[in-house]
Amino acid sequence: MSKTFCRSLAKKRVMSNDGMLIGTIKNIIVDLNTGGQVADLLVKPDETFKTDGYRTDGGDKMLVPFEAVKDIKDYVVVDRYLLKR
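Since this is a predicted model, take the numbers as computed values, not measurements. (Residues numbered from 1 in each chain as written. Predicted model: local features only at pLDDT ≥ 70, side-chain atom pairs only at ≥ 80, totals over all residues. Heavy atoms only, no water.)

1. Topic: the packing of aromatic side chains
On inspection of all chains with the given rule, the structure shows one aromatic pair. A centroid spacing of 5.2 Å and a plane angle of 45° characterise the contact between Phe-49 and Tyr-54, whose relative ring orientation is tilted. Of the two residues examined, Phe-49 and Tyr-54, each falls in the buried class. (Phe/Tyr/Trp six-rings, centres within 6.5 Å; stacked < 30°, edge-to-face > 60°. Buried < 20%, exposed > 50% of the residue type's maximum accessible area, 1.4 Å probe, protein only.)

If you want it as structure tokens, here you go:
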């Protein structure tokens, strides 16, 4: 995957690779122990997306592991099955 600036991800929509709208990026979580690599995307789920079985921040946001990201263009495309890790 090519390099992307964090500010270009702000408020970008997240969609699964099978076409399901997951939500909108609200923040990015980085791991300072690895030199600032992106660990997770903090996503506000779409009202039609059921978050049962997915990691959350304990509130209304969902944690999307960055390893699930497959492509970044108009949408951030993720592998929905890697989200449940």
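2. Thoughts on the side chain of Arg-80
Looking at where Arg-80 falls in the secondary structure, it is placed in the segment after β6 (76-78). A distance of 2.7 Å separates polar atoms of two side chains, one belonging to Arg-80 and the other to Asp-18. (Helix = DSSP H or I, 4+ residues; strand = E, 2+ residues; numbered from the N terminus. Polar contact = N/O pair within 3.5 Å; in protein donor to acceptor, adjacent residues only side chain to side chain.)

3. Here we look at the pairing of strand β1 (residues 13-16)
Side-chain alternation along β1 places Val-14 and Ser-16 on a buried face and Arg-13 and Met-15 on a face that remains uncovered. Hairpin connection of β1 to strand β2 (residues 21-31): four residues between the antiparallel strands, including Gly-19 at a positive phi of 90°. (Pairing = 2+ DSSP bridges.)

4. Observations regarding the sheet that holds strand β5 (residues 69-72)
One open sheet accounts for six strands, arranged β4-β3-β2-β1-β6-β5; its pairing is mixed. Of all strands in the sheet, those bounded by a partner on one side alone are β4 (62-65) and β5. Strand after strand, the sheet turns through a mean of 40° between neighbouring axes, direction not considered. Here strand β3 (residues 37-45) pairs with β4 via four bridges, running antiparallel. Its bridge partner being in β4, Leu-42 is matched across the sheet by Leu-63. (Axes fitted to C-alpha atoms, helices over the stretch in contact; angles between N-to-C directions.)

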